[in-house]
Amino acid sequence: MEMIDLLSRIQTLGYALDKAADAADTGRNSPLEQARAFLFTHLAQEPVRPHRADDVLELLAPSPHNHLNWEQQRALVLEGLAILRQVFLRKAPLSYST
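Residues numbered from 1 in each chain as written. Predicted model: local features only at pLDDT ≥ 70, side-chain atom pairs only at ≥ 80, totals over all residues. Heavy atoms only, no water.

Engineer: Help me out: how do you make sense of the environment of L68 in this one?
Structural biologist: Tracing the backbone through its elements, the reader meets L68 in the loop between α3 (51–60) and α4 (70–91). Here L68 is in contact with L59, Q73 and L76, once residues within four sequence places are set aside. (Helix = DSSP H or I, 4+ residues; strand = E, 2+ residues; numbered from the N terminus. Contact = heavy atoms within 4.5 Å.)

Engineer: I'm lost on the nonpolar core in this one. Help?
Structural biologist: General note: in soluble globular proteins, nonpolar side chains tend to be found buried as a group. In this structure, F38, L39, L43, V77, L81, L84 and F88 are the most contacted members of the largest nonpolar core, which totals 24 residues. Sorting the residues of this core by element identifies α1 (3–19), α2 (31–42), α3 and α4 as the ones contributing at least two each. (Core = buried A, V, L, I, M, F, W, Y, C linked by side-chain atoms within 4.5 Å. Buried < 20%, exposed > 50% of the residue type's maximum accessible area, 1.4 Å probe, protein only.)

Engineer: Explanation requested: the pattern of salt bridges in the structure shown.
Structural biologist: Side-chain pairing between opposite charges can occur once the charged atoms of the two side chains come close. With the rule as written, the count across this model stands at 6 salt bridges. Measuring nitrogen to oxygen at the nearest pair gives 2.6 Å for the salt bridge that ties R49 to D54. With a relative accessible area of 32%, D54 lands in the partly exposed category. Linking R52 and D55 is a salt bridge whose minimum nitrogen-to-oxygen distance equals 4.0 Å. Note that R52 and D55 are positioned in helix α3 at a spacing of 3 residues, about one turn of the helix. Residue R52 is classed as partly exposed on the basis of its relative accessible area of 32%. Overlapping salt bridges bring together R52, D55 and E79 as one network. (Salt bridge = Lys/Arg side-chain N within 4 Å of Asp/Glu carboxyl O.)

Engineer: Please clarify how α4 should be interpreted in this entry.
Structural biologist: Each full turn of the α-helix corresponds to 3.6 residues, which orients residues three or four apart in the same direction. Taking 1.5 Å per residue, 22 residues should reach 32 Å; α4 reaches 32 Å between its end C-alpha atoms and fits that length. Within the span of α4, buried status applies to W70, Q73, R74, L76, V77, G80, L81, I83, L84, V87 and F88. Along its buried surface, α4 packs onto α1, α2 and α3. Capping the start of α4, N69 holds a side-chain oxygen 3.1 Å from the backbone nitrogen of E71, two or three residues further along. (Expected span 1.5 Å × (residues − 1). Polar contact = N/O pair within 3.5 Å; in protein donor to acceptor, adjacent residues only side chain to side chain.)

Engineer: Got a minute to help me understand the packing of α3 against α4 in this structure?
Structural biologist: Angle between the axes and distance between the axes are the two parameters that describe a pair of packed helices. The contact between α3 and α4 brings their axes to 10 Å, and the two run at 145 degrees. For α3 against α4, the interelement crossing comes out left-handed. Along the contact surface, α3 presents R52, A53, V56, L59 and L60, while α4 presents Q73, L76, V77, E79, G80 and I83. A per-class count over the contact of α3 with α4 returns 7 nonpolar, 2 polar and 2 charged. (Axes fitted to C-alpha atoms, helices over the stretch in contact; angles between N-to-C directions. Left-handed = near helix turned anticlockwise from the far one by under 90°. Nonpolar A, V, L, I, M, F, W, Y, C, P; charged D, E, K, R; others polar.)

Engineer: How do you make sense of the packing of α1 against α4 when you look at a structure like this?
Structural biologist: Two elements in contact, α1 and α4, have axes whose closest approach is 10 Å; the angle formed by their N-to-C orientations is 160 degrees. When the axis of α1 is compared with that of α4, the two are roughly antiparallel. Both α1 and α4 take part in a crossing whose hand is left-handed. The residues of α4 that touch α1, namely those facing M3, L6, L7, I10, L13, G14, L17 and D18, are R74, V77, L78, L81, L84, R85, F88, L89 and K91. For the contact of α1 with α4, a count of residues per class yields 12 nonpolar, 1 polar and 4 charged. (Parallel < 35°, antiparallel > 145°, perpendicular 65-115°, else oblique.)

Next comes the structure, spelled out in structure tokens:
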């Protein structure tokens, strides 16, 4: 995936998740699960990322110790998408950041 496609996907996922208001929609195709999968695919693979990114990934990882409600998960995923966008923009040529 090219950088512009990745940035576009982040924006699309963030918008869909921001507009999602139904905590009952938690299936594989829900905005929350799509964005979470995208984060674990791309943010986890970034060799240089802020420490907060590791915290977000750890909190979102399936664990018997983490019991986050839908709103908390949604907030963490939105934060993770914002972090990933910042990471990508640091690597992108100037023409992508405008």
